[in-house]
Structures are given as C-alpha cells and as structure tokens.
Amino acid sequence: MVNVELKGLVRVFADGTSVGPIDLLVKDGELITLLGPSGAGKTTALRMIAGFIEADKGSILFNSKDVISLPARKRSVGMVFQSVALFPNMSVYQNIAFGPDMAEWPHERTVRRVEELAGLLGIQHLLDRKIDEISGGEAQRVALARALAKEPALLLLDEPLSALDPQLRERLQTEIRSIQKRVGITTIYVTHSQDEAFAISDRVAIIKDGRVVQVGIPEEIYDRPATEFVAKFLGSGNVLEGVVKETKDGKSFIDINGIVLDGREDLTVGETLRLSIKPEDITISSDMDSDSAKGRVISIIPQVGSFKITLDFQGAHVVALSQDEALVKKLREDENQTVSFSFRSEDAVILKD
Amino acid sequence: MAPRNKGTYIALATPLVVLTVLLVYPVVSVIFRGLTAGAGMTFTDTVIFNWPYLEFTIFQAILSTIMSLLVGLPGAMLLARLKFKGKNIVRALIITPFVLPPIVVVIGFLQMFGQYGVIDSFLMWALRSGSSVLNLATDIPGIILAHTFYNVPLVILLVSASMERMNPEIEEAAEILGADSLQRFQRITLPHIMPSLIAATILTFLFCFMSFPIVLAFGHGSYRTIEVQIWNAFRWADYGQASSLVLIQILFTLTLALAYSRLARSSDGARGPTSSIKTSSLSSYRPTEVIMIILYFAAMLILVVGPIASIFRAAFFDPIAQRYTLDGFRYIFSGEAGGGLRPLINSLFYSSLATLLSVGLGIPLAYAHGSKTRFLRPLSSIMVLLPLGISSITVAYGLMTAIAVPTGLNINPWPIIVLAQTVIGLPFTTRSIEISRRSIDPLLIEQADALGASRLQRLFFVELPLLAPGILVGAVFAFAMAIGEMSATLFIALPQNFTLAVAIYDNLGVRKFVEAGASALILMVACIVAFLAMEKVSEESVGGILKW
C-alpha cells in the first residue's frame, strides 16, 4: 500500500482555466474525499493522479517516489469511473479479469482473485452475465471489483454513485467504505455531495477553484469551517458580519448588529470579521423580554427530526433548527412573528476570508 | 403515430401500393417472363456463359471493399480522434465523393489518373517523355481505384461516427488496467466499431457489386460485371439471359441488404457522454506518427481531392488538341441537334419531377415506417430497403418491360425515366424525412391537440412545418440522386431523352472530352451545392443528415 503526496500540482488548460497548485497528503490506507461544487477541479485533480491528464507543474509521490512521468497503465492505480465504463463486449468475469490478464498473471491466480473479489462484493452469481444483463448497482460492484483486481496501490473513485437512486447510493456508500477498510487500500474519492463525503471518508478535502481550501475529518470541517465558502457549501449556512468593538484584558468583543460576542484573542479594534454559526447552535425563543437578538420569521420548513426556521435579522438571513414543537405550532398560527434568538459565543467560528 | 381512420390508412398505404406497382411487380414479372418465355438463354446456359463475369463481379467487389477499408479505417480513426483546425472542411471534403454522380467521378479520374491526365502529364514532364507514361484510369486499376474513391467516405463516416459514440472512459478504464494502445484497439475499440465496420463492408461490397457507370467506362467491354451483362443482354434482346442474371444478382444483393438492415438495427448499444470524446492534437503524437498522418492526408488529397479538382481542368482542357478551350461550355448551351442544351433541360425536368414524386411518396412512407400498425411497418421497411438491394439496371429493365412496353411508353419513355429515378432515390428521401419525423417532440403534437386543433389543422400548421427541414433535405437528396443517375437512364433513354449524365458517357465514347468535362463540371457543381444546402438545413434541424 502507499502514501500519496501531491506537491504543487498545476494544470493550465487551453481555454485559460486552471487547476492547482494542489498540495495534499493521503496517508496509507486512508480514504480521503475531494469535495467541491462541479467545476471546482476535483475530477481534473483525480485524472492527473491517474495519469490521464498531464500536469504542467508539480509532483505526485507514491511512497516518496515521483510517478509523474509514468503513463497511466504503469502507475498501479485502480479507478472506478463516473460512467462505470464496464467493457460492454465482455462478461462480468472478463471485465474483472482484464487487469490481471494485462499483467499476465497465471490463470489460476486470476481465477482465485476474481472469485475472491466476487465473494467480497456479493456478485458470484453474476460472473457469467453480460454487462447489459446486470443492474446499475451490480455494475458499480463489478466496476469496483475490476478496479481492485490487479491489487493496485491506490484506488480512485470518480463520483461513482452519482447515477444511482438515493437508497441504492446510501447502501453502496456503506459497502464501498467497508470493503475499502477490509482491503486497506489508500483511496481518493471524488464527489460533490456533502452527505456522501461525510458518510464515507476518513478525511475530507474541500476543493474550490482548483485549490484545496480545507482538509480535515468530517466533524472538524463541519464544526470549524475555515472560510465562508466552506461554511456555506457544507450547509452550515449562517455567515454573519461583525466588528471588533473593544479589547479588554487580552479578550476581544465582537459586535454583530447588536449581538456581542466575547472571548477572542489577538484581534484589532475596528476590524471587520465574518463568522459562521451552525443552525443547530442557534436557540429560538418566543420570550421577547430577554436582551437577546430579535428576528422576524420568514419561513418554517419541517425536516427529519426538526424544523428549519429562517429569520430575517436586520436584512441578513439566519437559519436555525428547532425541535420545540409547541413553539413552532405557535409561530405557524400567526405569520410574520418576531422571535428572539441566541447562540453561545464559542459556537461562532471566525472565518478566514 | 397510430392511424385512426380509413383516410390515414389509405394515405399510408399509397406509397406501398405505388412501390408494388413500380418496383415489385416489374421485377418479379421480368424474372418470371424472361425465365419462362423461352426467348434467349436458359438459366443454366446463362450461368455457364456468365461464370467469368460473375467471378469478376465478386472479385472486383472484394478487392474494392478491401481497398476502401484499408484506406478508410485510418481516416475514420483520425477523424474521430485527431483534433485540428479545419476539421469540418476536411470532413466535408472527404464526404464529397459520396454525393458525386459516378459518371462525374469517371471524368475526374480520367483527368487525374488517366492518359495525359494530371499525374501522367507531370510524369511525362519529369521523365521528359513524349508519350504517356502512366494510365491508372483504365481496366482493373481504374475500376478498383474509382470504387475506393467512392466508398472510402462511407467507411470513414460510418466508422468514425461509431468511434465518436464510444464512451472515452471505457478506453481509459482499459488503459489504467494496464492495456497498451495496441491491446486497447484489439480488445476494446475494435469490438466496439465492429458492427459499423461490418455495415460499411456490406454496403461497400453491395455498391461495388452493382456498380455500372464506372465498370462500363473503365472496363471497355472487356471487364464486365453482372450489371453490365444485364444491360448487354437486354440490348441483344436476350431476355432469358437478362432475367436469369437479374435473379442471380437479386439473390446476392437482397441477402446483403437484409444482413445490413439487421445490423443497422442492432448496432452499438453502449453509449457514453458524447460531449467528452477524447481527442488529441497532432503535437501529442510521436514524430514518426506525425509523418504517417501527414502522408495519409497527402495520399487522401491525391485520391479524393485530386479527381474532384481535376474536373475543372477536364472542363477546359482538350487532351487531344492539348490546349485550353471553352468549347465544352459552347456545347452545353448549344440548342442544335447533338448540343448539350437538350440534355441539360431534360436533366432538370426529369429530376425536378422525380423530386416531387419522391417527396410525395416519401412523407407517407416515413410515417408508415414509424407506424405501430401491424403489416404497415415491416412492409414499409421492406419497401424502403428494396431499392437498396435491387440494382438500377434491374429497376430500368423491369419498368421498360413490364410498364413501358404494354402501355406504349417505350416510344418516348421519359416518364419511365422519371419513375426509375424516383424509385432509386426514394430510400434516401424517406430516410431523411423519417429522421426529421422522429425528432419531432410528440408533446408538441399533443399540445396542438389540447389546444383544439383539428387533425388537418394539426397536420398543416404543426407537423408539416416541423417536418419541413427533413422534407427539404429529402427533396435535395432526391434531386441530387436523380440528376446524377446514369445507369437506369442510359438503359431507358432514347437519344431525345438523354440527360446530362448520359450525354457525358455518350461524349466520352466519341472522345469529345471537353464536352464531357464541362457537363461533368455542371453536374458536380449542382450536386455539391445540393449537398451543402442539405448539410446546412439538416445541421440546423436534426444535426446533420450524414449522421445516420
């Protein structure tokens, strides 16, 4: 297995768009997801690692050895494609055995490997089928088996589940995760779905405009988004602007349209900041006597386990999640109500840019 | 669209009836009568006598097919994979031979590869020779080369279209699994393009098997195909032999046409994101590969562009007097007996009528083809396919014997010429109308219904306007086919019915080269203008007629 390190990887395309520089370390046996909106450069990055797109600058190190000059077929990489891309003129068995065949494995070893993977993925009964005789979910399993057959050092998955329906997608996420853990293969997974990334990854790298903006375990990224982009993309949503009002005893006080937060160090008075507050950290109350901030209710949308309440707070939208059914019922009876809301100072994250 | 009343049925059945009368009945009847009437050779005698010609027909068709595949396959791969400026122009140039009338191709070949042609003149100059050095536009080399010229576009079009439909990720998957470029071609690309390759092979073989003007012009009577022999036998009034040959030819061609239609229906299933076709620029190839690619394009330039460009020279250069002259154009606009004006007017008149008829039959035929009614759909498919498998000479022979003679039209058989041209062009017209019909959003029609349009209103204000581009393309196709048609017309025409295409052949026979050349130039310009118009209209509506 392998440690993968991307160093200053850059690609500039003829139409002027560019990706990179990308720096990223993928640890041995880890599953890391490149997460970002479409057009962010995730797939380009993946295809540079695979060897389908040449990098203009930078290096790709597999266990400290640069593979940038190797063609795709010599990089010891397995890949599952967005379109699945199974060979339509071959059976399931022939598809999975294609890699070992190309590597000229002895026949018995190939058969053993194909059967082992088929067992692992539960597709033994499909081995003799033609590709047009299997379902979408089965095709994904075959594609995964084919990618793993040659025992590659690194596995790449390019939005493999995007064409499947949500239930099947969820089931396969779990399967991919468990197989990846069992095989212990270093894996890079590309997706634009936050749910998928969080469900499957050891770590997530958020990609924007061809660069990695934040890397971390899912909880860390969700709780402490580094930038406004990350905060908004992950759906934690609330980004508010504040000004540093004063510093006292090494502590700074930030004013957000009347809400005062404390407890931050090393800030200069007068500095403007953007802060992210997760919806679940905001508490809504109908008690108007408190000195907490007030907002006008714009909409209430029921969700699984909670209600999503959007407030207008001096022109800015604030989204909060509430499980208080009595409160929601009351709010729904009379539209355009004003409520008070509050959150703990330490739940507000200062964003970098 | 499921027909809902008697009127619709009658409308849809009309072309089927017309084709039965104009195609099925004449052909069946000449075969039957020729074989039973006892005029001329028996079937067995025919087979024995024509054995060498049958052998030659198959031999030249196989050789031409192999050549077309060898030349066409690299072109298809380059067209699908190579990214370069002016690709559309190259594509259009490569397709051009396909729309040229065979007799025009003959003129271009004589001028490019023939005695005192462009290449010969160059060699004579280079070798300081006073006499002709190289004549490729005659006998077997001429036939094979001209057939190759004709069918390479077909191979390139069909195969490159299939390659472009291939999901590029499939090849990448093979690459990342360790397959090198040769293994990828063998195990992935070749199986994918195989149906289109077989289709191109069958069609090329079929066209070469039934080829008439090229074999007639370059064979000089010593190399004859079955098609030429049918014509000869008819001229010798040996109807027994002619009919026996028609039967033999039809057994071959219909089998092939049927095989082709089966294949066309079941062609490549797995399609990927066509937008992301993997192309690469010339700079990403190795130097030796670049040299090969450039050499290939140079060879194509000589083979494909050479004859087309040479037609201009043929129109002005008199190889006998070795001088440039405008006599060819004087001939065309001369209304005297033996002048070119009459054939020109005949050409325009006949092909206009054939166009009208083709469209009139093609629209209901296209609907019948798409209908879900039992009988109607398979019957119309067969009717559309039949002219592909029945040679022009056979069509002409059938119409002359079964329709013209009993009705007395053989005294002045111009209506028979129009009918023959209609029947021969109909599959192409129908096809382009059908493509357009299929691309109409059924919701639009339903919308018209929902808004309270009557059936007639719906037809005239919604369906026909939507179908208009397809009809226009079909009409231009019919016109180009009709105006270039020589085989059936030559078979049927009396001197007063000569069209420009027939007059070219006639002038060649009496060595009036500039007259033939000028006529060829006019035909070529007409066909190329028609082709460009077709491409323009169809690109705007259904994305290119040539993508079928």
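Thresholds, definitions, all that
- Residues numbered from 1 in each chain as written.
- Chains lettered and ligands numbered in written order.
- Predicted model: local features only at pLDDT ≥ 70, side-chain atom pairs only at ≥ 80, totals over all residues.
- Heavy atoms only, no water.
- Domains from an automatic or database assignment.
- Contact = heavy atoms within 4.5 Å.
- Buried area = accessible area lost by both parts, 1.4 Å probe.
- Polar contact = N/O pair within 3.5 Å; in protein donor to acceptor, adjacent residues only side chain to side chain.
- Helix = DSSP H or I, 4+ residues; strand = E, 2+ residues; numbered from the N terminus.
- Salt bridge = Lys/Arg side-chain N within 4 Å of Asp/Glu carboxyl O.
- Pairing = 2+ DSSP bridges.
- Axes fitted to C-alpha atoms, helices over the stretch in contact; angles between N-to-C directions.
- Nonpolar A, V, L, I, M, F, W, Y, C, P; charged D, E, K, R; others polar.

### With respect to the domain arrangement of chain A
Residues and elements named next belong to chain A.
Piece 1. Domain boundaries assigned for chain A yield domain 1 (4-233) and domain 2 (238-350).
Piece 2. Here the C-alpha centre of domain 2 lies 40 Å away from the C-alpha centre of domain 1.
Piece 3. Opposite the 7 residues of domain 1 that make contact, domain 2 presents 7 residues.
Piece 4. Buried area between domain 1 and domain 2, both sides added, is near 640 Å², and the carbon and sulfur share of it is 50%.
Piece 5. By the criterion of area lost to domain 2, the three top residues of domain 1 are Tyr222, Arg224 and Glu228, representing 55% of everything that side buries.
Piece 6. Inspection of the domain 1/domain 2 interface yields 3 residue pairs in polar contact (both at pLDDT 80 or more).
Piece 7. Of all the secondary-structure elements, those providing two or more residues to the side of domain 1 that touches domain 2 are helix H7 (218-223) and helix H8 (228-233).

### Let's talk about the pattern of salt bridges
Piece 1. Within the structure shown, the criterion is met by 15 salt bridges over all chains.
Piece 2. A salt bridge links Arg47 of chain A to Glu172 of chain B; its shortest N-O distance comes to 2.5 Å. Here Arg47 of chain A is found in helix H1 (residues 42-50), whereas its partner Glu172 of chain B is found in helix H7 (residues 168-176) on a different chain.
Piece 3. In this structure, Arg141 of chain A and Glu175 of chain A form a salt bridge, with 2.8 Å as the shortest nitrogen-oxygen distance. Note that Arg141 of chain A is positioned in helix H4 (residues 136-149) and Glu175 of chain A in helix H5 (residues 166-183), a separation of 34 residues in sequence.
Piece 4. Via salt bridges that share partners, Arg109, Arg113, Glu116 and Glu151 of chain A belong to a single interconnected network.

### So, the sheet that holds strand E4 (residues 57-62) of chain A
All names here are of chain A.
Piece 1. Strand order in the open sheet formed by 4 strands is E2-E1-E4-E5, and the pairing between neighbours is antiparallel. Only two strands of the sheet have a single neighbouring strand rather than two, namely strand E2 (18-26) and strand E5 (65-66).
Piece 2. Pairing between E4 and E5: 2 bridges, direction antiparallel. From the neighbouring strand, Phe62 faces E5, where its bridge partner is Lys65.
Piece 3. The sheet strands contacting H1 are strand E1 (4-12), E2 and E4, and the helix crosses E1 at an angle near 115°.

### Overview of the environment of Thr489 of chain B
Residue and element names in this part refer to chain B.
Piece 1. In this structure, Thr489 sits in helix H20 (residues 487-492).
Piece 2. Ignoring any residue separated from it by four or fewer positions in sequence, one finds Thr489 in contact with Ile417, Gln421, Thr499 and Val502.
Piece 3. In terms of polar contacts, Thr489 uses its side chain to reach the side chain of Gln421, at 3.4 Å.
Piece 4. At 2.7 Å, the side chain of Thr489 and the side chain of Glu485 are in polar contact.

### Topic: the sheet that holds strand E18 (residues 316-322) of chain A
Residue and element names in this part refer to chain A.
Piece 1. With antiparallel pairing, 5 strands are arranged side by side in an open sheet as E15-E19-E16-E17-E18. Bordering the open sheet on either side are strand E15 (283-285) and E18, each of which pairs with just one other strand. Direction aside, the axes of adjacent strands within the sheet are offset by 45° on average.
Piece 2. Seen against the sheet, helix H9 (residues 325-333) touches E15, strand E16 (293-303), strand E17 (306-313), E18 and strand E19 (338-342) and runs at an angle of roughly 100° to E16.

### So, the interface of chain B and chain A
Piece 1. With 17 residues of chain B in contact, the opposing surface of chain A contributes 23 residues.
Piece 2. Of the roughly 1900 Å² buried where chain B meets chain A, counting both sides, 64% is carbon and sulfur surface.
Piece 3. Its largest share of buried area at the contact with chain A, chain B owes to Ile176, Leu177 and Arg187 of chain B, together 39% of the area lost on that side.
Piece 4. Remark: the boundary between chain B and chain A carries 1 salt bridge.
Piece 5. Taken together, chain B and chain A are joined by 6 residue pairs in polar contact (both at pLDDT 80 or more).
Piece 6. Listed by contribution, the elements that provide at least two residues to the side of chain B that touches chain A are H7 and helix H8 (181-209) of chain B.
Piece 7. Sorting elements by how many residues they give to the side of chain B that touches chain A places H7 of chain B first, with 7 residues.
Piece 8. Split by residue class, the side of chain B that touches chain A holds 9 nonpolar, 3 polar and 5 charged.

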